[in-house]
Amino acid sequence: MTTTSPITAPDRRVSKAAVGDEPPRRRRFKPGAGRQHHAGPFAYFALVVVGLGSIFPLYWTLVAASRTQDEVLDTTPPLIPGGNLFNNLEAAWEQANLGKAIVNTVIVSSSITVATLFFCTLAGYAFAKMRFKGRGALMTAVIATLTIPPQLSVVPLFMMMSDIGWGGQLESVIFPTLVSAFGVFFMRQYLLEALPYELIEAGRMDGANNLRIVWSIVLPVARPAMMVLGMLTFVQSWNDFFWPYLALNQQNPTLQVALGQLSASYVPDQSIVMAGALISTLPLLVVFVIFGKQIVGGIMSGAVKG
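Chemist: Can you break down the overall build of the protein residue by residue, with the values?
Modeler: Within the protein, the secondary structure is distributed over 14 helices and 0 strands. Taken from the N to the C terminus, the helices and strands of the protein come in the order α-α-α-α-α-α-α-α-α-α-α-α-α-α. Counting over 306 residues, the protein shows a buried share of 31%. Partitioning the intrachain contacts of the protein with sequence separation of at least 6 by distance along the chain shows that 73% fall at a separation of at least 24. Surface summary for the protein: the accessible area is close to 20,900 Å², and the carbon and sulfur share equals 65%.

Chemist: Please provide a residue-by-residue account of the nonpolar core, values included.
Modeler: Ranked by internal contacts, the top residues of the largest apolar core, which has 22 residues, are Y125, M187, L191, L195, I213 and V218. If you list the elements that add at least two residues to this core, you get α5 (98-129), α6 (135-144), α9 (181-194) and α11 (210-239). With 8 residues, the single largest contributor to this core is α11. Apart from residues lying up to four places away in sequence, L195 is in contact with Y125, K129, I200, I217, V218 and V221.

Chemist: Would you mind going over the pattern of salt bridges in detail, with residue names and values included?
Modeler: On inspection of all chains with the given rule, the structure shows 2 salt bridges. Residue E71 pairs with R67 through a salt bridge whose shortest N-O separation is 3.7 Å. Under the relative-accessibility criterion, R67 is labelled buried at 17%. One salt bridge in this structure joins R204 and E201, with 3.6 Å as the shortest N-O distance. One end of the pair is R204 and the other is E201, both in helix α10 (residues 197-205) and 3 residues apart, which spans about a single turn. The exposure class assigned to R204 is partly exposed, which follows from its relative accessible area of 39%.

Chemist: Outline the packing of α5 against α6, listing residues and values.
Modeler: At a closest axis distance of 10 Å, the pairing of α5 and α6 adopts a crossing angle of 135°. Our classification of the angle between α5 and α6 gives oblique. For the element pair α5 and α6, the recorded crossing hand is left-handed. Within the contact between the two elements, α5 uses A126, F127 and A128 and α6 uses R135, L138, M139 and V142. The residue inventory of the contact of α5 with α6, partitioned by class, reads 6 nonpolar, no polar and 1 charged.

Thresholds applied
- Residues numbered from 1 in each chain as written.
- Predicted model: local features only at pLDDT ≥ 70, side-chain atom pairs only at ≥ 80, totals over all residues.
- Heavy atoms only, no water.
- Helix = DSSP H or I, 4+ residues; strand = E, 2+ residues; numbered from the N terminus.
- Buried < 20%, exposed > 50% of the residue type's maximum accessible area, 1.4 Å probe, protein only.
- Contact = heavy atoms within 4.5 Å.
- Areas by Shrake-Rupley, 256 points an atom, 1.4 Å probe, with all protein chains shown as cover.
- Core = buried A, V, L, I, M, F, W, Y, C linked by side-chain atoms within 4.5 Å.
- Salt bridge = Lys/Arg side-chain N within 4 Å of Asp/Glu carboxyl O.
- Axes fitted to C-alpha atoms, helices over the stretch in contact; angles between N-to-C directions.
- Parallel < 35°, antiparallel > 145°, perpendicular 65-115°, else oblique.
- Left-handed = near helix turned anticlockwise from the far one by under 90°.
- Nonpolar A, V, L, I, M, F, W, Y, C, P; charged D, E, K, R; others polar.

Printed below as a string of structure tokens:
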């Protein structure tokens, strides 16, 4: 009598040896990646402290400009604006001839800013994307000028302006600062990453010369960096005091030189000085309000890469 073994169901398990060992897949994203992180109480506290610290000097200028000399120099200075603002503004305007000073400062700052953007963008493009002999040595020489203190060039520059006949004229302040080494280096570093060679080659294949490439390709690409450089240059030119004080006279001053005249007396009226400082600050605030979005966008364009 024969016995039969019971029929068993086939084993559906597939051994790893039959299909090969599959390596575990790596996670492309870390846990929590892509989620929006919310700021905690410490972050808000730090932002409030930094914000108040940044606004307080401007607020104190407004308070001091609206008070009298005795109230500003009191043992417990006031923290609330007073009612003497317009009188102090009028006094500062008349004593320092701020009308002519503002016009001169606008001319000087605008001329320097436009010239700096033009020449620094051209030089930055040449150093970044063009091939010529001595490019590295020239770029090294440009960077080396940043290490030279500007005070060393005051005497020869003053003698040069006097020989040309520009002593006391706005040209003596504008022309020595038409281009800056920092601007050249800044635009070069930006165009190295932001301007691909393929765009330049495509323009040359279409028959465009160097000027056409600069106008149609380089300038649109360099616009964010130009906004940042323009803002920095304009603020620096607007607040410059040392060289305009030496090159200009009291009859043809810039704004900072005129403000220096307000505090040049034996006992200067601090409320009037603060009123003049408030007048000099308002144009910069207007410029930032108008171009603030473009300036911040230009700064952030170099921080995030797509």
